[in-house]
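Residues per chain are reported as follows:
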Amino acid sequence: MEKYNEGLERQRSKRKRVARMKKFIVTTIVAFMLLTLCVMTFLCIEVISLQRQVDVLSAKVNGVEDVADVKEMVDDSYLDSIYTVDNSNNMAEEGDVPRVYLTFDDGPSDNTNEILDILDDYNVKATFFVCGKDLELYGDMYKRIVDDGHTIGMHSFSHNFGEIYQSKEAFDDDYNKIHDLILNTTGVDTHLYRFPGGSSNTVSTTPMSVFINDLNEKGTVYYDWNVVSGDATSQAFTSDQLVDNVMNDVVQYKTSVVLLHDASNKDATIECLPKLIEALQASGAMILPITDETTVIQHVNVVQ
């Protein structure tokens, strides 16, 4: 009887050990599954966050300065495959003298006079795509751009994507404001335009073809760019890197339209400009303002 009790006790003890092992294994599996679920959830959140950051950076690189004004990021990149402009004839060949057009978006600003001073020091003419600013503060700068022999064009009045691209009517209203401001302030009846974000932007909630056709009907020529300095994102590049970004690309084209920005927070742009001009001149490039004879550089082109 005593041996029977001992055997029974060993069996009970064994069953308890087995039960504890099963419980441990089940607990471990459940904990691993929960941990895996948590990690996957965290990674998904990070991916979404990174994608948003990429969208914002992409918008800024395309010329967007205040993405808070953009109500919705919409992908209209389908335009690229439908209306892509053939730039094959613009590829540089041996013996070509590069034609480089420095273009400044978003001004006038507190840096405009300094930009104009630098251009004057090097006897270089550029193109300024301007927005609507307080005439009491910046009226003289619109005039100086023209008086110094530079080309002036429109870059919208408000630079508010949510308003400008809301509809054709909203676009026309903004267009008329910036056109009339330039005409009344400088006497120039400009028909040059640069879309905020470019013609291939992905922030417009209305198809860009609506606005492109509108400009075509007005007889207004819009210019995008094929060389990006990288100064659209504040403090993303040093002045030397901005120069390198431009110089690495201008060698590819007969005509290079360089995207730069005239804004109060673009100190690196101011710092890079003398070095950029010197590098371009040393390479034998011609630095010119946009005129009616300039090869049109566009990301997309819509014909009705």
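The shown structure was predicted, so the numbers you read here are calculated from the model rather than taken from an experiment. (Residues numbered from 1 in each chain as written. Predicted model: local features only at pLDDT ≥ 70, side-chain atom pairs only at ≥ 80, totals over all residues. Heavy atoms only, no water.)

*Asks:* Hey, could you run me through a nonpolar patch on the surface in this one?
*Replies:* Taken together, the side chains of Met-21, Phe-24, Ile-25, Ile-29, Phe-32 and Met-33 make up a nonpolar region of the molecular surface, amounting to roughly 710 Å² of accessible area. Assignment of secondary structure puts Phe-24 in helix H1 (residues 2-61). (Patch = residues over 30% accessible without salt bridge, like charges linked within 9 Å, V, L, I, M, F, W, Y side chains within 5 Å. Areas by Shrake-Rupley, 256 points an atom, 1.4 Å probe, with all protein chains shown as cover. Salt bridge = Lys/Arg side-chain N within 4 Å of Asp/Glu carboxyl O. Helix = DSSP H or I, 4+ residues; strand = E, 2+ residues; numbered from the N terminus.)

*Asks:* When you look at the confidence of the model for the protein in this model, what are you seeing that I'm missing?
*Replies:* Regions with low pLDDT should not have their predicted coordinates read in detail. Averaged over every residue, the pLDDT of the protein is 83; residues scoring 70 or more account for 78%. Scored below 50 in pLDDT, residues 53-84 shows 57 contacts in the model against residues more than four places distant or in partner chains. (pLDDT = per-residue confidence, 0-100. Contact = heavy atoms within 4.5 Å.)

*Asks:* Can you walk me through the packing of helix H3 (residues 112-121) against helix H9 (residues 267-282) in this structure?
*Replies:* Two packed helices can be described by the angle between their axes and the distance between those axes. Orientation of H3 relative to H9, taken along the N-to-C sense of each, is 15 degrees, at an axis distance of 10 Å. In terms of axis orientation, H3 runs roughly parallel to H9. For H3 against H9, the interelement crossing comes out right-handed. Of H9, the residues touching H3 (which contributes Glu-114, Ile-115, Ile-118 and Leu-119) are Ile-270, Leu-273, Pro-274 and Ile-277. (Axes fitted to C-alpha atoms, helices over the stretch in contact; angles between N-to-C directions. Parallel < 35°, antiparallel > 145°, perpendicular 65-115°, else oblique. Left-handed = near helix turned anticlockwise from the far one by under 90°.)

*Asks:* For this particular structure, what's the right way to read unusual backbone geometry?
*Replies:* Only a minority of non-glycine residues have a phi that is not negative, and only a minority of peptide bonds are not trans. A cis amide bond links Gly-107 to the next residue, Pro-108, at an omega of 0 degrees. When you line up the elements, Pro-108 lands in the loop between strand E1 (99-105) and H3. With a phi angle near 55 degrees, Asn-123 is a residue other than glycine that sits in the positive phi range. Look at Ser-156: it is not a glycine, yet its phi comes out positive at around 80 degrees. Within the secondary structure, Ser-156 is located in the loop between strand E3 (151-154) and helix H5 (161-164).

*Asks:* Please explain the pairing of E3 as it appears in this structure.
*Replies:* For a regular strand, the rule is simple: side chains alternate between the two faces of the sheet. Residues Thr-151 and Gly-153 line one face of E3 and the alternating positions Ile-152 and Met-154 line the opposite face, and both faces are buried. Across 4 bridges, strand E2 (residues 127-130) lies against E3 in parallel orientation. Of the residues in E3, the one forming a bridge with Thr-127 is Thr-151. Each parallel crossover has a hand, and for E2 linked through helix H4 (residues 135-147) to E3 it is right-handed. (Buried < 20%, exposed > 50% of the residue type's maximum accessible area, 1.4 Å probe, protein only. Pairing = 2+ DSSP bridges. Right-handed = clockwise from strand over helix to strand, strands pointing away.)

*Asks:* Please explain the environment of Cys-131 as it appears in this structure.
*Replies:* Position of Cys-131 among the secondary structure elements: in the loop between E2 and H4. Taking the C-alpha atoms as reference points, Cys-131 and Leu-181, 50 residues apart in sequence, are found 9.3 Å from one another. Dropping the residues within four chain positions of it, Cys-131 is found in contact with Asp-106, Gly-107, Pro-108, Tyr-142, His-155, Ser-156, Phe-157, His-159 and Ile-178.

*Asks:* Would you explain the environment of Ile-182 in this entry?
*Replies:* Positionally, Ile-182 belongs in helix H6 (residues 168-186). Considering only alpha carbons, one finds Ile-182 and Gly-132, 50 residues apart in sequence, at a separation of 8.7 Å. Apart from the residues lying within four places of it in its own chain, the contact partners of Ile-182 are Val-130, Ile-152, Gly-153, Met-154, Gly-187, Val-188 and Thr-190.

*Asks:* Please explain the packing of aromatic side chains as it appears in this structure.
*Replies:* Across all of its chains, the model carries 9 aromatic pairs by this definition. Ring pairing ties together the aromatic residues Phe-161, Tyr-165, Phe-171, Tyr-175, Tyr-193, Phe-195, Phe-211 and Tyr-222, which thus form one cluster. Directly above the aromatic system of Tyr-138 lies the positively charged group of Lys-133, at a separation of 5.8 Å from the ring centroid. Directly above the aromatic system of Tyr-175 lies the positively charged group of Lys-218, at a separation of 5.1 Å from the ring centroid. (Phe/Tyr/Trp six-rings, centres within 6.5 Å; stacked < 30°, edge-to-face > 60°. Lys NZ or Arg CZ within 6 Å of the ring centre and 35° of its normal.)

*Asks:* Just checking my understanding: could you explain H4 for this structure?
*Replies:* Given 3.6 residues to a turn, an α-helix orients residues that are three or four positions apart in the same direction. All of the buried residues along H4 are Tyr-138, Gly-139, Met-141, Tyr-142 and Ile-145. N-cap assignment for H4: the residue whose side-chain oxygen lies 2.9 Å from the backbone N of Glu-136 is Asp-134. (Polar contact = N/O pair within 3.5 Å; in protein donor to acceptor, adjacent residues only side chain to side chain.)

*Asks:* Sorry, what's going on with the pairing of strand E7 (residues 255-261) here?
*Replies:* Within E7, 7 of the 7 residues are buried, which leaves it mostly tucked inside the rest of the structure. Across the two faces of E7 the burial is the same, with Thr-255, Val-257, Leu-259 and His-261 and Ser-256, Val-258 and Leu-260 all buried. Where E1 and E7 come together, 7 bridges link them in parallel fashion. Bridge pairing in E7 links Leu-102 to Val-258. Here strand E6 (residues 227-228) pairs with E7 via 2 bridges, running parallel. Each bridged residue has a counterpart across the sheet, and for Val-227 the counterpart in E7 is Val-258.

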